[in-house]
Amino acid sequence: MDGGVAMVVAIALVLLVVGSVLFHLLSPWYFTPIASNWSAIDDTISLTFWVTGSVFVAVNLFMAYCVVRYRHRKGSRADYEPENKKLEGWLVGLTAVGIVGMLAPGLFVYAKIVDVPKDAAVFEAVGKQWHWGFRFPGKDGVLGSVDARYVSDKNPFGMNPDDPFGRDDILIASPEVHLPLGKPVKALLRSIDVLHDFAVPQFRVKMDLVPGMVTRSWFTPTRTGKFDLLCEQLCGIGHFVMRGKVVVEEERAFQEWLSGYPTFAQSMAQVAGDAEAGKPLFAVCAACHGAQAEGNRAMNAPKLSGQGDWYLKRQLNNFKHGARGAHDKDLYGKQMAPMAATLADNAAVNNVVAYIKTLPDNPAPATLKDDTTNGRNLYATCGACHGSDGRGVQAMNAPRLSGMSDWYMVTQLKNFKQGIRGAHPNDRYGPQMASMAAILADDQATTGLVAYISTIK
Amino acid sequence: MATVVWWLVRQTINVRPWIAQRPIDNVYGDGALSLPPVKVGLGVFLAVATSLFALLISAYFMRMAGADWTTLAVPRGLWLNTAALTLSSVAMQWTRVAARRGRIDGVRIGLIAGGIFTFCFLAGQLWVWQQLNASGYFVAANPANAFFYLLTALHGLHLLGGLWVWGKTTAKVARGVEVGAVRLSVELCTVYWHYLLLVWLVLFALLLSTPPRQSSCTPDTIAICGVTK
Amino acid sequence: MSYVAHDESAFVRPAEVEEAELYHPKTFIGKYIWSQDAKVIGVQYAITAIAVGLVALVLSGIMRLQLGFPHTFSFINPSNYLQFVTMHGMIMVIYLLTALFLGGFGNYLIPLMIGARDMVFPYVNMISYWVYLFAVLLLMASFFVPGGSTGAGWTLYPPQAILEGTPGAHLGIILMLVSLAFFIIGFTMGGLNYVVTVLQARTRGMTLMRLPLTIWGIFMATILALLAFPALFVSAIMMTLDQTLGTSFFIPALVSRGEHLDYSGGSPILFQHLFWFFGHPEVYIVALPAFGIVSDLIAVHARKNIFGYRMMVWAIVAIGGLSFIVWAHHMYVSGMNPYFGFFFATTTLIIAVPTALKVYNWVLTLWRGNIHFTVPMLFAIGFIFTFVNGGLTGLFLGNVPIDLPLSKTMFVVAHFHMVMAVSPVLVVFGAIYHWYPKVTGRMLNDSIGKFHFWVTFLGTYAIYFPMHYLGFLGVPRRYYAIQNLDFIPPSAQSLNVVITIAALVVGAVQLVFLYNLVWSYFKGKPSGDNPWQATTLEWQTAHTPPTHGNFGSTLPVVYRWAYDFSVPGAETDFIPQNQPPSKKAGSTEET
């Protein structure tokens, strides 16, 4: 009986070894093509694969051989050999050689990784729950000083207002950053709340963002393209949707992109909207949204009053520039887009939003009668950004939900889930919500959730 | 760890374990230390406590590099408390000598004196806490304060644990047992008291010697110690 | 199976430990509930650990459902997914594996294998278990408090562990930290016992170099745990103070969700150093007992002495010592001083040498052996295969430049599950099949055991081997869902489906194992005292299961090491440790 089992065990071991090697050789799942100067990392990995792979094959095949050859047979007896110093010495020696063979090249590569070239251009990546922002030094080539205590909705980067070096810093309040091709860059990494991690799989390097200090990482992009930037250090509920994009492009395109963003001084100089000037503009809106911006379901126009002004501005601009309301299936969005286009410029947007802000904020009537139990559980996730009271948190880029039109939220959640909203490449914060809306398994979950939201006071 | 390795070397060099032989006549298992298990147990426990305090002290040093570190103004009451704890240790040592010489009266006096001085120390520590609190140095006021409260609390808890054994021993003596019945307990208490005195002296020295502000972090270094500008 | 009668001359007069000193309980409660008998305490530990481990197993099944079939189950959302991840990890590492190996196997085996009547401090030992149980209950309670259990990941990194935006940032995390503190207090009580018992309570003739490797593994792991757990204890207390009293040990000035919090200057990296100063030895706290136990399983069931016993002991000691200077290899990308990477990469790869030696010696023990394919042997072979795989992938992560692309991906998850989840658990199963007859007097069912082995061994490989390739792709760990990522091909999802199905099958088969445990307790084949014809002292007791006091009126005397298998010239292929050397026997015997 032992003979049979021995054969089965040996065959299983051999099959596992052969299968593992074949899986490795034939698998389509391997590193994504590299887009940085760190091909030495990939070489170190190949070397390690050869060394460890041979040990894996050798040890396990030898074990399979022993299993068959030295299986129990009637009358057989094991050898008696307490130890064999010579054999053990050889094995230890060979192992040590293999280890050194893997470690030494690794340390040489690492020495390059910690040694940032003097001519590397600097940019800063700022992480917060659950968004990325970026900062480039202005003409003076120096990043201004920052501190958590300066952070506010108006100054989300925490720039020191008194530091002259900071005034010309270019602030990218967007999850997408562009980098020039073929030039070494040093990323300074900073977090204003919890730990995050700056990881672009194509660049191979990654580094944590630690609140209270600045960390760094350097690389030279070697290929143009658009790459995913991921947070890879658990940072809370929204961790898996804390995404960005790194676009590598030629120097000229990069400079052009960079010039489209405001400096810190410009961002602070923005004037508030004028509600009086916005009043006549609102007349167009009132036709559907109501004179008090209270919303009108029959016209498919949601309540606007009480919504965060920053959010209304962002959405008006999205509509205006085709980032929203452009999808074929977004029937009502397509109606809104030409309306938004009637607002001539930023000032008009600011003015009309300023006027909406003056309108009375009465809770929209609840129209859903669903059971709220499951919705309450689901809302634990939503509340992480939108606030447990659902009043919205500007710092999280999360608009107000409670007291707003519930039927509208149902439509939007479905749109997000089906890729009708939030899929446009210029909709910066939409994709995050689209990923979140995907957690709603079915329509029942959606209406249950919204029904719960309309019970929050 | 070094001790463990050294001891192991002594046990294993030139031993060929596969050779069977009759055991040497030894009361304890071969290779065992000729100490009662409780003493070895205390030794192991002191190793654990040392690990605990050593880790806290390293944390103290690492936190010290933080930008907001302000040195604690060492309350003067701590000198008095240190004296009390030293006296309690001396009393315990005296008790141990008395126990060895078989003088139960000496043991009784020594234990009581040691206990009183220890209680004085603990009361003194509480008094220092209160003083600090009264002058606005709450636990969260600054990191040096937080460490002070944490270190003294843990040290105090260890002493309280010792006082429990002390209480049992003193109760036995009060019931009028023979010296032999408490000799081991007295030994253990004494070792433990000396150890906690040593820990306290190290902690106290740490509080006294902390420089006003020490930062090894230069602006462009990402140092282990933390904050960079 | 032949039964070897006790040689009367092997016992000396009751000299060392007086039987009368032992308190023999009479009532059911004294025997099985408030018991001071290390064997009962060991079983209590084991049952509690396995029960809480089942909870963690279910949690992992839920996680796999989400990863294999995202957006299908509405009861899993990003918030509770993190709670499942965290609780699964913490329960498995601390409350199952640590407690089972040291509290369970340690308690049961140490006194029996070294020839002692019991632990040296039985009362403290009893308290140890009840404190552990209390810690487990606290942890379970955290599922039911407002906000639920913590979802900070098992590493509990601040600041996010105690801030809004992480599930269970209030009561959940506090209960977790307090539970850990109690676990450590309870463990310290037990650990003192294990160390002092091994040092002081060995029977006559049981020199250190005659100890079975099981004892060496448990002994060294206990020393590591005693010295490493204070780091977790300290960080748990400090984080509790940060959470409740607003101290700033670990929390710097920060803005959470747009609100300025009243912290300043704390260092999140300080926590990580403390955590991993505990966390890395913790890997060996789990691995060393497994190393020790599997050595004995291989020797007994291959009827051959363990190859290179002295080197095996030294390797355990070396691994234990080195495990204290490798911790920051978990922190290559944490933002610590990057130059530390050189030191920690070197120490980490050095630790591979003694570890590799252990693997060689296990395989060399099989070489020229006389291998009986019992269920414990099957699990031991499964362990070697799994451990070789998991150990080799460690060489990827230990080498800094390779760690950069792979850290925080599913590769890490696959690696540590291979090396410190599946490998030790295979040993646990092997050990249970091996010692169950001693604990209950009955054999576990062999056919069920073989079925259990094959599904578990092949199934876990099917789970974790492909998972490495998700890591190569760059799939991050702790992600509720991977969606809209251009660099991940859609086919990766099919890999996830395969992994999930394998995981569910493996999880379900554990029920068969539980059934075997219960069924065999009542219906199993009676085992006799020494069914495996093993040499160590626990198989030489007069009763099976052993009674309180283990060895009856007289303690055994040890004359030889634990590995006298197939000694040339001996009548049987094994000689118990307490059998005196005979004059006519071969050259390896002397008086």
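Bear in mind the structure is a predicted one, so any value in this text is a computation, not a measurement.

Trainee: Honestly, the overall build of chain A in this entry has me stumped. Any pointers?
Mentor: Looking only at helices and strands, chain A features 13 helices and 10 strands. In terms of C-alpha radius of gyration, chain A reaches 30 Å, well past the compact-globule figure of 23 Å for 457 residues. Dimensions of chain A, computed from C-alpha atoms along their principal axes, come out at roughly 100 × 60 × 40 Å. Classification of the 457 residues of chain A by burial places 54% in the buried group. Accessible area for chain A stands at about 19800 Å²; split by element, carbon and sulfur atoms hold 60% of it. The distance from the centre of the 45 positive side-chain charges to the centre of the 42 negative ones in chain A is 4 Å.

Trainee: Would you mind going over the overall build of chain B with me for this structure?
Mentor: A tally of regular secondary structure across chain B gives six helices and zero strands. Scanning chain B from its N terminus toward the C terminus, one meets helices and strands in the order α-α-α-α-α-α. The burial tally for chain B puts 48% of its 229 residues in the buried class. Long-range contacts, defined here as pairs at least 24 residues apart, represent 76% of the contacts in chain B between residues at least 6 apart. Just so you have it, chain B exposes about 10800 Å², and 68% of that area is on carbon and sulfur atoms.

Trainee: Please explain the sheet that holds strand 5 (residues 185-191) of chain A as it appears in this structure.
Mentor: Two modes of strand pairing occur in sheets, parallel and antiparallel, and in both the strands are linked by backbone hydrogen bonds. Residue and element names in this part refer to chain A. Here five strands make up an open sheet; going across it, the order is 3-2-1-5-8 and the pairing mixed. Looking along the sheet, the strands with just one partner apiece sit at the ends: strand 3 (170-172) and strand 8 (215-219). Strand-to-strand twist across the sheet, computed as the mean angle between neighbouring axes with direction ignored, equals 25 degrees. In the sheet, strand 2 (residues 131-136) pairs with strand 3 via three bridges, with the strands oriented antiparallel. Along strand 3, the bridge assignment pairs Phe136 with Ile170.

Trainee: Please clarify how the domain arrangement of chain A should be interpreted in this entry.
Mentor: Interfaces are frequently sized by the accessible area removed from exposure as the parts join. Residues and elements named next belong to chain A. The domains assigned to chain A are domain 1 (3-74 + 84-114), domain 2 (121-268), domain 3 (272-362) and domain 4 (363-457). Distance between the C-alpha centres of domain 1 and domain 2: 40 Å. Each partner contributes residues to the interface: domain 1 has 13 residues there, and domain 2 has 13 residues. Across the domain 1/domain 2 interface, buried area totals approximately 1100 Å², and carbon plus sulfur atoms make up 51% of it. The largest share of the area that domain 1 buries against domain 2 comes from Ala35, Asn37 and Trp38, three residues that together contribute 44% of it. Put simply, domain 1 and domain 2 have one salt bridge between them. The salt bridge involving Asp42 is made with Arg204; its shortest N-O contact spans 2.8 Å.

Trainee: Hey, could you run me through empty space enclosed by the protein in this one?
Mentor: Unoccupied space between atoms shows up once a probe the size of one water molecule is rolled over them. Tallied over the full model, the rule gives six cavities of 30 Å³ or more. Approximately 190 Å³ is the volume attributed to the largest cavity. As for the largest cavity, its lining consists of 17 residues, and the residues nearest its centre are Ile113, Met207, Arg216 and Ser217 of chain A together with Pro338 of chain C. Of all the secondary-structure elements, those providing two or more residues to the lining of the largest cavity are helix 3 (85-114), strand 7 (206-209) and strand 8 of chain A.

Trainee: Looking at this structure, I do not really get the domain arrangement of chain B. What am I missing?
Mentor: Residue and element names in this part refer to chain B. What the domain assignment reports for chain B is domain 1 (1-65) and domain 2 (71-228). If you look at the interface, domain 1 gives 19 residues, while domain 2 gives 25 residues. Three residues, Phe53, Tyr60 and Ala65, lead the burial of domain 1 against domain 2; their summed loss comes to 32% of the area buried on that side. Where domain 1 packs against domain 2, one counts three residue pairs in polar contact (both at pLDDT 80 or more).

Trainee: I keep staring at the packing of helix 2 (residues 38-68) of chain C against helix 3 (residues 78-114) of chain C and nothing clicks. Help me out?
Mentor: The angle between the axes and the distance between the axes are what describe a pair of packed helices. Residue and element names in this part refer to chain C. Here helix 2 crosses helix 3 at 155 degrees, and the two axes come no closer than 7 Å. Here helix 2 is positioned roughly antiparallel relative to helix 3, judged by the angle of their axes. The handedness of the crossing between helix 2 and helix 3 comes out as left-handed. Residues belonging to the contact of helix 2 with helix 3 are distributed by class as follows: 28 nonpolar, eight polar and one charged.

Trainee: Looking at this model, I keep getting lost on the interface of chain A and chain C. Mind explaining?
Mentor: On the chain C side, the residues contacting the 115 residues of chain A number 126 residues. Here chain A is connected to chain C by five salt bridges. Salt-bridge contacts for Lys408 of chain C lead to Asp208 of chain A; the nearest nitrogen and oxygen are separated by 2.4 Å. The tally of links between chain A and chain C comes to 39 residue pairs in polar contact (both at pLDDT 80 or more). Examining the composition of the side of chain A that touches chain C, we find that 17 residues originate from one element, helix 3 of chain A, more than from any other. Considering only residue class, the side of chain A that touches chain C consists of 69 nonpolar, 26 polar and 20 charged.

Trainee: Please explain the pattern of salt bridges as it appears in this structure.
Mentor: In a structure, side chains of opposite charge can pair up when their charged atoms sit close to one another. Taken as a whole and assessed by the stated rule, the structure comprises 25 salt bridges over all chains. A salt bridge links Arg100 of chain B to Glu187 of chain B, with the nearest nitrogen and oxygen atoms 3.4 Å apart. Highlighted residues: Arg100 of chain B in helix 3 (residues 77-100) and Glu187 of chain B in helix 6 (residues 179-209), separated in sequence by 87 residues. Of the residues examined, Arg100 of chain B reaches a relative accessible area of 52% and is grouped as exposed. Of the charged contacts in the structure, one is a salt bridge between Arg560 of chain C and Asp564 of chain C, with a shortest N-O distance of 2.8 Å. Judged by its relative accessible area of 2%, Asp564 of chain C is buried.

Trainee: How should the state of the cysteines be read in this particular structure?
Mentor: Any covalent bond linking the sulfur atoms of two cysteines counts as a disulfide. All names here are of chain A. Applying the stated rule across the entire model yields zero disulfides over all chains. Unpaired in this structure, Cys235 has its nearest cysteine sulfur neighbour in Cys231, at a distance of 3.8 Å. The exposure class assigned to Cys235 is buried, which follows from its relative accessible area of 0%.

Trainee: Explanation requested: the pairing of strand 7 of chain A in the structure shown.
Mentor: Note on strand geometry: in a regular strand, side chains alternate between the two faces of the sheet. Residue and element names in this part refer to chain A. As defined by bridge partners, strand 6 (residues 196-199) adjoins strand 7 across four bridges and the pair is classed as antiparallel. Residue pairing in the sheet places His196 in a bridge with Leu209 of strand 7. Between strand 6 and strand 7, which pair antiparallel in sequence order, lie six residues; one of them, Arg204, sits at a positive phi of approximately 75 degrees.

Trainee: Looking at this model, I keep getting lost on the nonpolar core. Mind explaining?
Mentor: Among soluble globular proteins, nonpolar side chains are generally buried collectively. Within the largest apolar cluster, 395 residues are counted, with the highest numbers of intra-cluster contacts made by Phe198 of chain A together with Tyr95, Phe105, Trp216, Met238 and Trp362 of chain C. Sort the elements by how many residues they give to this core and helix 3 of chain C lands first, with 23 residues. In this structure, Ala293, Ala348, Val349 and Tyr355 of chain A belong to the second largest nonpolar core, which totals 16 residues.

Trainee: I would appreciate a short explanation of the environment of Pro158 of chain C in the present structure.
Mentor: Assignment of secondary structure puts Pro158 of chain C in the loop between helix 4 (122-141) and helix 5 (171-200). By relative accessible area, Pro158 of chain C is classed as buried at 1%.

Procedures and definitions
Residues numbered from 1 in each chain as written. Chains lettered and ligands numbered in written order. Predicted model: local features only at pLDDT ≥ 70, side-chain atom pairs only at ≥ 80, totals over all residues. Heavy atoms only, no water. Helix = DSSP H or I, 4+ residues; strand = E, 2+ residues; numbered from the N terminus. Rg over C-alpha atoms; globule rule 2.2 N^0.38 Å. Buried < 20%, exposed > 50% of the residue type's maximum accessible area, 1.4 Å probe, protein only. Areas by Shrake-Rupley, 256 points an atom, 1.4 Å probe, with all protein chains shown as cover. Lys, Arg positive; Asp, Glu negative; His and termini not counted. Charge placed at Lys NZ, Arg CZ, Asp CG, Glu CD. Contact = heavy atoms within 4.5 Å. Pairing = 2+ DSSP bridges. Axes fitted to C-alpha atoms, helices over the stretch in contact; angles between N-to-C directions. Domains from an automatic or database assignment. Buried area = accessible area lost by both parts, 1.4 Å probe. Salt bridge = Lys/Arg side-chain N within 4 Å of Asp/Glu carboxyl O. 1 Å grid on protein atoms, 1.4 Å probe; cavity = no way out; pocket = protein on both sides within 12 Å on 5 of 7 lines; lining within 4 Å. Points joined across faces, edges and corners; volume = space filled by probe spheres on them. Polar contact = N/O pair within 3.5 Å; in protein donor to acceptor, adjacent residues only side chain to side chain. Parallel < 35°, antiparallel > 145°, perpendicular 65-115°, else oblique. Left-handed = near helix turned anticlockwise from the far one by under 90°. Nonpolar A, V, L, I, M, F, W, Y, C, P; charged D, E, K, R; others polar. Disulfide = S-S within 2.5 Å. Core = buried A, V, L, I, M, F, W, Y, C linked by side-chain atoms within 4.5 Å.

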